[in-house]
Amino acid sequence: MKHLLPLIFSQAFFKKIFAIVCLVMLFYVFRGFLGLFLITFIFAYLSLEVAEFLRAKIIFQKEKNPNKFWKFFEKYLSTNILVTIIYILFILMVIWLFASILPQIIKEIEIFIKKIPEMSRQLEGLLQSFESTSGIQLGSQNLINDLTKKFDFQTTGQELLKYLQNTSGALLQFFLGIVMSYIFVLDRNDVFGFFARMKRGNFAFLYHEFKYFGEKIVNSFGKVFKAQGIIAFVNAILTTIGLLIIGFLFPAGHFPFIFTLSLIVFIFGFIPVFGTFLSGLPIVIIGYGIEGGGIQIVMAIIVMICIIHAIEAYILNPKIVSSYMHFPVFITFATLIIAEHMFGMIGLLIGVPILAIIISVGADLNTYISRLKKEYYASKKSCECQPVSEK
């Protein structure tokens, strides 16, 4: 083994370590722009993926049916044109969202804030009902009092509403990320060519190492966000349908805050494991507090959440996520807790992709060491088998 150490810890190894240190330092220096970089990356990756998918379909249809219609599309609908169309449609959708749906969401949040004291009393009644039927004393009154003392729901809700109504900074970062991602996608070949100049210099090893880690980051983050985006969208649609059905079946006639709750489900859908629990809690509380609600509607909501979670766990995850990564639930929980502690709320989004990158790099390192060991023992065996020349 002592003869293998100089081979493993070679000059190439220390070059790789130097490149990793430089990359970590860059992330630390630009940590304040992490949100902007994340928005830029997500939009650039997803828009380019969709555009290339559509371009491949057009070429396939043109080869299958070589008529004027598909020839026209192949000639004039390049990847960049398709990207431009995608961005225009997305911006129009965002404008429609802010013009029509967002005021309704803000209105629902205002009503929700006003009903928070009533819902806290409803929650206390729910806990007391559970205590009386089960015989288990939870100390509901003390629990509610401690909870309201430590966390002022109404003040926090009002601050959240004020933040939503004055989101100029967040909107500026959001639209700046969209613009940067669009420019990057259109100019991607020139950007790659610019960085490719490093291949001919004294720091060519940095180019190769950064390219290696860049591919790892793109593959891990891109695929994870694409998969979680699909899952979050499906969960939001299923939640909307489920709440409409529950509102129709029960005396309330309709379920309140559907837009708000569906948006919450979609946002928290990007968070593995934790998202289901975080988005399900406000639905249960609101369901119990509405007119005609109670234990029955709470049980219906829990059944709905279980059905949606089962669809996610047994249909969506195996087909989408597990095709390229699958971690045990405990590992995912631990990763999210550590990432949230290190990076804040954004850590809940980037924790699992970072873990995937670390595992992928570790697997490559293991392959590298195994290859060196195989070559070393093969050369050693060939030396032992070489006949000694007679003097």
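Located above this text is the structure these notes cover.
Cut-offs used in this document
- Per chain, residue numbering runs from 1 following the sequence as it is written.
- Two thresholds apply to this predicted model, a pLDDT of at least 70 for residue-level local features and 80 or more for giving and counting side-chain atom pairs, whereas whole-chain, interface and lining totals are computed over all residues.
- Think of the side-chain values as coming from all heavy atoms in the structure, minus any hydrogens and water.
- Starting at the N terminus, helices and strands are each numbered in turn, a helix being any DSSP run of H or I of at least four residues and a strand any DSSP run of E of at least two.
- Residues are treated as being in contact if the distance between any of their heavy atoms lies within 4.5 Å.
- The Shrake-Rupley method, run with a 1.4 Å probe, gives the accessible areas here. Residue values count only the displayed protein chains as cover.
- Interaxial angles span 0 to 180 degrees and are taken between N-to-C directions of axes, which are lines fitted to C-alpha atoms, for helices over the stretch in contact.
- In these notes the angle categories are as follows: under 35 degrees is roughly parallel, over 145 is roughly antiparallel, 65 to 115 is roughly perpendicular, and the rest is oblique.
- Classes in brief: Ala, Val, Leu, Ile, Met, Phe, Trp, Tyr, Cys and Pro nonpolar; Asp, Glu, Lys and Arg charged; the others, Gly included, polar.
- Distance thresholds for patches are 9 Å for like charges and 5 Å for nonpolar side chains (Val, Leu, Ile, Met, Phe, Trp, Tyr), applied to residues having over 30% relative accessible area and no salt bridge.
- A side-chain nitrogen of Lys or Arg and a carboxyl oxygen of Asp or Glu constitute a salt bridge if their distance falls within 4 Å.
- Only buried residues count toward a nonpolar core. Its members are Ala, Val, Leu, Ile, Met, Phe, Trp, Tyr and Cys residues joined through side-chain atoms within 4.5 Å.
- When a residue's accessible area, from a 1.4 Å probe over protein chains only, is under 20% of the maximum for its type it is buried; when over 50% it is exposed; and in between it is partly exposed.
- Pairing of aromatic rings covers Phe, Tyr and Trp, the last counted by its six-membered ring, and requires centre-to-centre distances within 6.5 Å; plane angles under 30 degrees mean stacked, over 60 mean edge-to-face, and any other angle means tilted.
- Note on convention: near helix rotated counterclockwise from far helix by under a right angle means a left-handed crossing. Clockwise means right-handed.
- Counted as positive: Lys and Arg. Counted as negative: Asp and Glu, with His and the chain ends omitted from the count.
- For charged residues, the charge sits on one atom: NZ in Lys, CZ in Arg, CG in Asp, CD in Glu.

So, the overall build of the protein chain
Secondary structure summary: the protein chain contains 16 helices and zero strands in total. The long-range share in the protein chain, meaning contacts at least 24 apart out of those at least 6 apart in sequence, stands at 73%. Here the protein chain has roughly 25000 Å² of accessible surface; of this, 70% comes from carbon and sulfur atoms.

Observations concerning the side chain of N235
Secondary-structure assignment places N235 in helix α11 (residues 204-249). Look past the residues within four positions of N235 in its chain and what remains in contact with it is V265, I308, E312 and L316.

Comments concerning the packing of helix α3 (residues 34-64) against α11
With their axes 10 Å apart at the nearest point, α3 and α11 run at an angle of 80° to one another. Judged on the interaxial angle alone, α11 and α3 are roughly perpendicular. Contacts from L38, F41, I42, Y45, L46 and E49 in α3 reach I217, V218, F221, G222, K223, F225 and K226 in α11. Of the residues in the contact of α3 with α11, the class split is nine nonpolar, one polar and three charged.

Re a nonpolar patch on the surface
Taken together, the side chains of L26, Y28, V29, F30, F33, F37, L176 and M180 define a hydrophobic patch exposed on the protein surface, amounting to about 780 Å² of accessible area. Those elements that provide at least two residues to the nonpolar patch are α2 (11-29) and α9 (168-186). At three residues, α2 tops the list of elements feeding residues into the nonpolar patch. If you trace the backbone, F37 turns up in helix α3.

Observations concerning the nonpolar core
F255, I297 and I301 are the most contacted members of the largest nonpolar core, which totals 18 residues. Elements with a contribution of two residues or more to this core: α11, α12 (258-268), α13 (274-289) and α14 (295-321). Of all hydrophobic cores here, the second largest spans 13 residues; its members include I39, L48, I58 and Y87.

A word on the packing of aromatic side chains
Under the defined criterion, the tally for this structure stands at 16 aromatic pairs. With 6.1 Å between their ring centres and 45° between their planes, F72 and F73 make a pair best called tilted. On the basis of relative accessibility, which here comes to 47%, the residue F72 falls in the partly exposed class. For F73, a relative accessible area of 23% gives the class partly exposed. Judged by centre distance (6.4 Å) and plane angle (45°), the ring pair of F90 and F174 falls under tilted. With F90 in helix α5 (residues 79-114) and F174 in helix α9, this pair connects stretches of sequence that are 84 residues apart. What makes F90 partly exposed here is its relative accessible area of 22%. Linked through ring pairs, F69, W70, F72, F73 and Y76 together constitute an aromatic cluster.

Things to note about the packing of α3 against helix α4 (residues 68-76)
Between α3 and α4, the shortest axis-to-axis distance is 9 Å and the interhelical angle comes to 145°. In the packing of α3 onto α4, the handedness of the crossing is left-handed. Across the interface between the two elements, R55, I58, I59, Q61 and K62 of α3 pack against W70, K71, F73 and E74 of α4. Class assignment for the residues of the contact of α3 with α4 results in four nonpolar, one polar and four charged.

Let's talk about a positive patch on the surface
Residues R197, K199, R200 and K211 make up a contiguous surface patch of positive charge. Along the chain, the position of K199 falls in the loop between α10 (188-195) and α11. Classification of K199 as partly exposed rests on a relative accessible area of 44%.

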